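One-letter residues, chain by chain:
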Amino acid sequence: MLPTLRQLQYLKLLAEHASFSRAAEAAHVSQPALSAGVQELEKILGAPVVERTRGNIQLTAVGAEAVKRGEDVLARTEDLVEAARNAGKPLSGRFRLGVIPTVAPFLLPAKLPGVKAEWPALRLFIREDLTPRLIAGLKAGQLDAAVIALPYSSHGIDHARIGDDEILAAAPVGHVLAGTGPIPAGSLKAEDLILLEDGHCLRDHALAAFGIEPPRGEDVFAATSLHTLVQMVSAGLGVSFLPEMAVRAGLADLPGVVVRPITATAPRREIVVAWRTGSSRAAEAKLLAEALRLD
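Scope of this entry: the structure provided in the associated data block. What you are looking at is a predicted structure, and each value in this text was computed from that prediction instead of being measured. (Residues numbered from 1 in each chain as written. Predicted model: local features only at pLDDT ≥ 70, side-chain atom pairs only at ≥ 80, totals over all residues. Heavy atoms only, no water.)

### A word on the overall build of the protein chain
Secondary structure assignment for the protein chain yields 10 helices and 11 strands. Along the three orthogonal principal directions, the C-alpha set of the protein chain runs to about 70 × 50 × 30 Å. A total of 295 residues make up the protein chain; the buried ones form 46% of that total. Intrachain contacts of the protein chain at a sequence separation of at least 6 include 72% that bridge at least 24 residues. By element, 54% of the accessible surface of the protein chain is carried by carbon and sulfur atoms, the whole surface being about 14600 Å². A gap of 6 Å separates the mean positions of the 31 positive and 33 negative side-chain charges of the protein chain. (Helix = DSSP H or I, 4+ residues; strand = E, 2+ residues; numbered from the N terminus. Buried < 20%, exposed > 50% of the residue type's maximum accessible area, 1.4 Å probe, protein only. Contact = heavy atoms within 4.5 Å. Areas by Shrake-Rupley, 256 points an atom, 1.4 Å probe, with all protein chains shown as cover. Lys, Arg positive; Asp, Glu negative; His and termini not counted. Charge placed at Lys NZ, Arg CZ, Asp CG, Glu CD.)

Quick look at the structure:
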């Protein structure tokens, strides 16, 4: 006997919620039904998949491996259903798109009206999150595609190019770097920088481009958004990096902020639409990348 899709789904929900009652609620079944399904799965696998203790649910090694493999099976099955429903109708029905926070507010408002006009049957669901969680969502079948920035290494992910986005410097008025023209190489120092919090790929791309070690310590300011970062630059707290698309959208249009290119060969990040290798919606993700292309 082989595990059923429903049994794999029960185990996945149990791993997510760490509770039989909450997993049953998410599956829209009774708790005894979900528990019986998990027990049947254990019989088929010949080993326990969860350790049941009072008030605590812990996956066994077999259970963790079953969740990992089951997520791929469930994702591919969902792909099959969506592909069958939308056969011959590209970009129609539900499409779950992830977008990183340093792209979403600047790219989507400009491009999505055109996307909706060209594909009126498309039901687009947007999730804004950091790259590692978006990649995990793609692999788990929770997302159909994601707009991310490269370089970012991840096995099992394919992508289509949207365009390049230059990384610029933003300095407070009166700062030594608040001049004109490109900032010379070697002028940026770690102690001058205020940055997005760890986990934002823009931070990593900018620091890597200049070989700068990120500032460390409990007193280091770390912004959760580009909007907060620009306000801090305007207040004179330090120098930072901004993507060109954000500057074009007017994010840095504050009286206390000066934006400058960084050297003649400015660093850039490549914006792409990514999807899980083998996804049945790969062709649609490529169409979406074309529609989102940077001018």
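Resuming the write-up.
### A few points about the packing of helix H2 (residues 20-27) against helix H3 (residues 31-45)
The axes of two packed helices give the description: the angle between them and the distance between them. Relative orientation of the contacting elements H2 and H3 amounts to 100 degrees, with a least axis distance of 8 Å. Classified by the angle between their axes, H2 and H3 sit roughly perpendicular to one another. For the pair H2 and H3, contact is made by Phe20, Ser21, Ala23, Ala24 and Ala27 and by Gln31, Leu34, Ser35 and Val38, respectively. Residue classes in the contact of H2 with H3 are distributed as 6 nonpolar, 3 polar and no charged. (Axes fitted to C-alpha atoms, helices over the stretch in contact; angles between N-to-C directions. Parallel < 35°, antiparallel > 145°, perpendicular 65-115°, else oblique. Nonpolar A, V, L, I, M, F, W, Y, C, P; charged D, E, K, R; others polar.)

### Observations regarding the packing of helix H1 (residues 5-17) against H3
Two elements in contact, H1 and H3, have axes whose closest approach is 9 Å; the angle formed by their N-to-C orientations is 110 degrees. Relative to H3, the element H1 lies roughly perpendicular. The way H1 lies across H3 gives a crossing that is left-handed. For the pair H1 and H3, contact is made by Gln7, Tyr10, Leu11 and Leu14 and by Ala33, Leu34, Gly37, Val38, Glu40, Leu41 and Ile44, respectively. For the contact of H1 with H3, the residue count by class is 8 nonpolar, 2 polar and 1 charged. (Left-handed = near helix turned anticlockwise from the far one by under 90°.)

### Considering the pattern of salt bridges
Per the counting criterion, the structure on display carries 12 salt bridges. Among the salt bridges present, the one from Asp164 reaches Arg161, with a minimum N-O distance of 3.1 Å. Notably, a salt bridge pairs Arg281 with Glu284, separated by 2.8 Å at the nearest N-O pair. Take Arg281: its relative accessible area is 1%, and that puts it in the buried class. Residues joined by salt bridges that share partners form a network here, namely Arg96, Asp144, Arg281 and Glu284. (Salt bridge = Lys/Arg side-chain N within 4 Å of Asp/Glu carboxyl O.)

### Observations concerning unusual backbone geometry
With omega at 10 degrees, the peptide bond leading from Leu150 into Pro151 counts as cis. One non-glycine residue, Ala18, lies in positive phi territory at about 50 degrees. By secondary structure assignment, the location of Ala18 is in the loop between H1 and H2. Relative accessible area serves as the criterion here: at 38%, Ala18 is assigned to the partly exposed category.

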